[in-house]
Amino acid sequence: MKGAKAVFLDLNGTLVMPISAQSLEDLVELRGVRDAVGRLTEAGFVCPVITVQSRIAKGNYSQAQFGEWFETFRSSWLSDGIPLLGPYVCPHRFHSGCRCAKPQPELYLRACHELRLDPSRCFVIGDSATDVFAARNIGARGCLVLTGNGLKDREACQQDAFVVGRDLADVVARLLERADAMQ
Ligand SMILES: [Mg+2]
């Protein structure tokens with residue numbers, strides 16, 4: 001049986017800002033992202049959130065506090081009929097040598113296993129080159145949003161990106177168009 005298809009979503013810089021929030025209260029949802037993910041859901045994609053939260057290792061907030069924050073975020077989306085899955089979280093410092101930091105495949109493969117996804121039918125959307133490279137590392141397609149860190153990383157991953165768009169709504173529109181054309 002063929003596995004399900006997913007769009008893995010990055011959090012900071014893609015769904016919320018700022019990129020590296022000192023505190024969870026600082027996080028603000030970007031305009032239009034809910035509708036964009038709603039379109040993915042309608043198109044039959046499940047949407048797990050995969051996020052690096054190095055502020056947990058730095059002590060700004062705990063993994064439990066992040067989990068609570070995400071539950072509130074998720075319920076709010078769910079009340080609009082948009083189910084977010086996960087979160088799959090790397091709580092370590094950057095360059096700590098952990099196996100779960102992007103662009104390593106660990107968190108994505110864990111999600112694929114738990115959610116019975118077929119990586120070759122999946123996409124990753126994020127604002128960093130590491131999101132795009134993670135997609136490549138699992139045999140999925142990576143898309144770059146130019147919100148958050150995106151402009152800075154554009155050059156580094158343009159060649160590898162399936163789609164580059166100014167924000168999530170733009171990327172989703174292009175992705176659905178191209179994914180349609182591929183079927
Ligand atoms: Mg990001």
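Details of the structure are given in the entry above.
Fair warning: this is a prediction, and the values are worked out from it, not measured in the lab. (Residues numbered from 1 in each chain as written. Predicted model: local features only at pLDDT ≥ 70, side-chain atom pairs only at ≥ 80, totals over all residues. Heavy atoms only, no water.)

1. Considerations on the coordination of the magnesium ion
Our working rule: The donor definition counts N, O and S atoms within 2.8 Å of each metal and applies 3.2 Å to Na, K and Ca; water is not among these atoms, so some sites may look incomplete. Secondary structure is summarised from DSSP: a helix means a run of H or I of at least four residues, a strand means a run of E of at least two, and numbering begins at the N terminus for each. With a 1.4 Å probe rolled over the protein chains alone, any residue whose accessible area is under 20% of its type maximum counts as buried; one over 50% counts as exposed, and the rest are partly exposed.
The magnesium ion binds to the protein through D10 (OD), N12 (O) and D127 (OD), with metal-donor distances spanning 2.1 to 2.2 Å. In the primary structure, the donors to the magnesium ion are separated according to the pattern D-x1-N-x114-D. Here D127 lies in the loop between β6 (123-126) and α5 (129-138) and N12 lies in the loop between β1 (7-9) and β2 (16-17), a separation of 115 residues in the sequence. Each member of the pair, N12 as well as D127, carries the same accessibility label: buried.

2. Regarding the pattern of salt bridges
Rule in force here: We count a salt bridge whenever a side-chain nitrogen from Lys or Arg sits within 4 Å of a carboxyl oxygen from Asp or Glu.
Overall, the coordinates contain 10 salt bridges when judged by the stated rule. Taking the shortest distance from any N to any O, the salt bridge between R34 and D80 comes out at 2.9 Å. Of this pair, R34 sits in helix α1 (residues 33-42) while D80 sits in the loop between α3 (63-78) and β5 (85-90), and the two are 46 residues apart along the sequence. Residue classification places R34 among the buried residues on the basis of a relative accessible area of 18%. Among the residues examined, D80 registers a relative accessible area of 48% and is labelled partly exposed. In this structure, E71 engages R74 in a salt bridge whose closest nitrogen and oxygen atoms are separated by 2.5 Å. Separated by three residues within a single helix, E71 and R74 lie in helix α3, roughly one turn from each other. Of the residues examined, E71 reaches a relative accessible area of 36% and is grouped as partly exposed. The exposure class of R74 is buried, given its relative accessible area of 17%. Residues joined by salt bridges that share partners form a network here, namely D10, K102 and D131.

None of this, on its own, says anything about what the molecule does.
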